Structure formats: structure tokens, C-alpha cells
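Breakdown of the fold
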Amino acid sequence: MDNRQALGSWLSGPRAAAEEAGVDFGYRGQQLGLPEEGPGSIARPGRRLGALAVDWALCMVIAYGLITHGYNQATGNWALVILLVMSVLTVGTIGFTPGKRLFGLRVVSANGGRLGILRVVLRSVLVCLAIPALIWDRDGRGLHDRFSGAVQVRI
């Protein structure tokens, strides 16, 4: 192996190096029995982050306009509370937040069907903590989805 190849494998990460060695990881969601593309497939990170940005912006507008009336120090805290309540209410009843609906996403149980209310509450609290949502598995699910037994799929 020449130095360029060794450096390239280090820069591209362990997954790329393993794939070059012949390891087949499959596609995202294959272990869960989900399709590779189209409706029901695992939601891509860009769509998920876009949906979260829309939901956060909506919560900031609500907190700024209805609760804090421009008091900037409290707006972020109230927006987090509103995000938690909105997530529990909307994901628990219809399976998506306004941002997720805009981006064509839905939160379902990994076994299929809707999530129970306790799992929705757990998932929502972990999303508000942010750190579990930043750690993903090979299927692209965050720890908040793994702990709650959920998966975000395309509609």
C-alpha cells in the first residue's frame, strides 16, 4: 500500500476503508426491513435537520410573539418548552411535527405503526437535550430514536 492510499483511507474514515476491504454494510434501513428509496425509507439527515430548523423557527416565533414579548433572554428557554410540548402533541397524535410534514417525514415505531405516548415523551425529551440526537447509528437513527424504538421515514 502506498502512502497516498493509506492517507486516503484515514481521511475517508473507517467505513470507507472497510468497504474497500469487501465488507457489505447494505443500505440505510435494511436491518429494519425498510425500503432503500421512496416512501417508507429512512429519512436522510438533510431533511431531518431542515424539519428541525422549521420547527425551531416556529417555536421561536411563538415564544417571541406570544410569551416573552421581545425579552430575548427568555425566548430561547420558552421556545424549548414549546418544542417539547409541540413534539409530544403532534408526534403522539399524527406522527409528525409541522416541520416534518413540510419535509415529507413521519415518525413511526421501528416495528411499524405509531409510537406509544411514553415513547413519544422519551423521544421528545431526548431531542430537547440535543446530544442524543447528534449521535447516529449506521442506519442514520439518532440515539433519541433508538432509545424510544422509533424511526423517521419518508412519507
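This report concerns the structure included in the present document.

The rules behind these values
- Residues numbered from 1 in each chain as written.
- Predicted model: local features only at pLDDT ≥ 70, side-chain atom pairs only at ≥ 80, totals over all residues.
- Heavy atoms only, no water.
- Helix = DSSP H or I, 4+ residues; strand = E, 2+ residues; numbered from the N terminus.
- Buried < 20%, exposed > 50% of the residue type's maximum accessible area, 1.4 Å probe, protein only.
- Contact = heavy atoms within 4.5 Å.
- Areas by Shrake-Rupley, 256 points an atom, 1.4 Å probe, with all protein chains shown as cover.
- Expected span 1.5 Å × (residues − 1).
- Pairing = 2+ DSSP bridges.
- 1 Å grid on protein atoms, 1.4 Å probe; cavity = no way out; pocket = protein on both sides within 12 Å on 5 of 7 lines; lining within 4 Å.
- Points joined across faces, edges and corners; volume = space filled by probe spheres on them.
- Phe/Tyr/Trp six-rings, centres within 6.5 Å; stacked < 30°, edge-to-face > 60°.
- Lys NZ or Arg CZ within 6 Å of the ring centre and 35° of its normal.
- Core = buried A, V, L, I, M, F, W, Y, C linked by side-chain atoms within 4.5 Å.

**Observations regarding the overall build of the chain**
Within the chain, the secondary structure is distributed over eight helices and two strands. Moving toward the C terminus, one meets the helices and strands of the chain in the order α-α-α-α-α-β-α-α-α-β. A total of 155 residues make up the chain; the buried ones form 37% of that total. Relative to all contacts within the chain whose residues are 6 or more apart in sequence, the contacts with residues 24 or more apart total 59%. Carbon together with sulfur atoms contributes 63% to the accessible area of the chain, which is approximately 9,200 Å² in total.

**Quick notes on helix α3 (residues 45-68)**
Here α3 contains 24 residues, and its C-alpha end-to-end distance of 32 Å stays within 8% of the 34 Å for a straight helix at 1.5 Å per residue. Every buried residue of α3 is listed here: P45, R48, G50, A51, D55, C59, A63 and T68. At the C-terminal side of α3, H69 shows a positive phi close to 50 degrees.

**Notes on the pairing of strand β1 (residues 105-109)**
Among the five residues of β1, four are classified as buried, and the element is accordingly described as predominantly covered. In this structure, β1 lies alongside strand β2 (residues 150-154), joined through five bridges in antiparallel fashion. Bridged to R106 within β2 is V153.

**Considerations on the layout of surface pockets**
Taken as a whole, the largest pocket holds about 370 Å³ of empty space. Along the wall of the largest pocket there are 19 residues; nearest its centre are R48, L52, V127, A133 and H144. At five residues, the largest contribution of residues to the lining of the largest pocket is made by α3.

**So, the packing of aromatic side chains**
All chains considered together, the criterion is met by zero aromatic pairs. The ring of W136 has R48 lying over it, and the distance from NZ or CZ to the ring centre is 5.1 Å.

**As for unusual backbone geometry**
Even without being glycine, H69 reaches a positive phi, approximately 50 degrees. By secondary structure assignment, the location of H69 is in the loop between α3 and α4 (72-93).

**Quick notes on the nonpolar core**
C59, A63, A79, I82, L83, M86 and C128 together form the largest nonpolar core, which totals seven residues. With four residues, the single largest contributor to this core is α4. When near neighbours in sequence (up to four residues on either side) are disregarded, L83 contacts D55, W56, C59 and C128.

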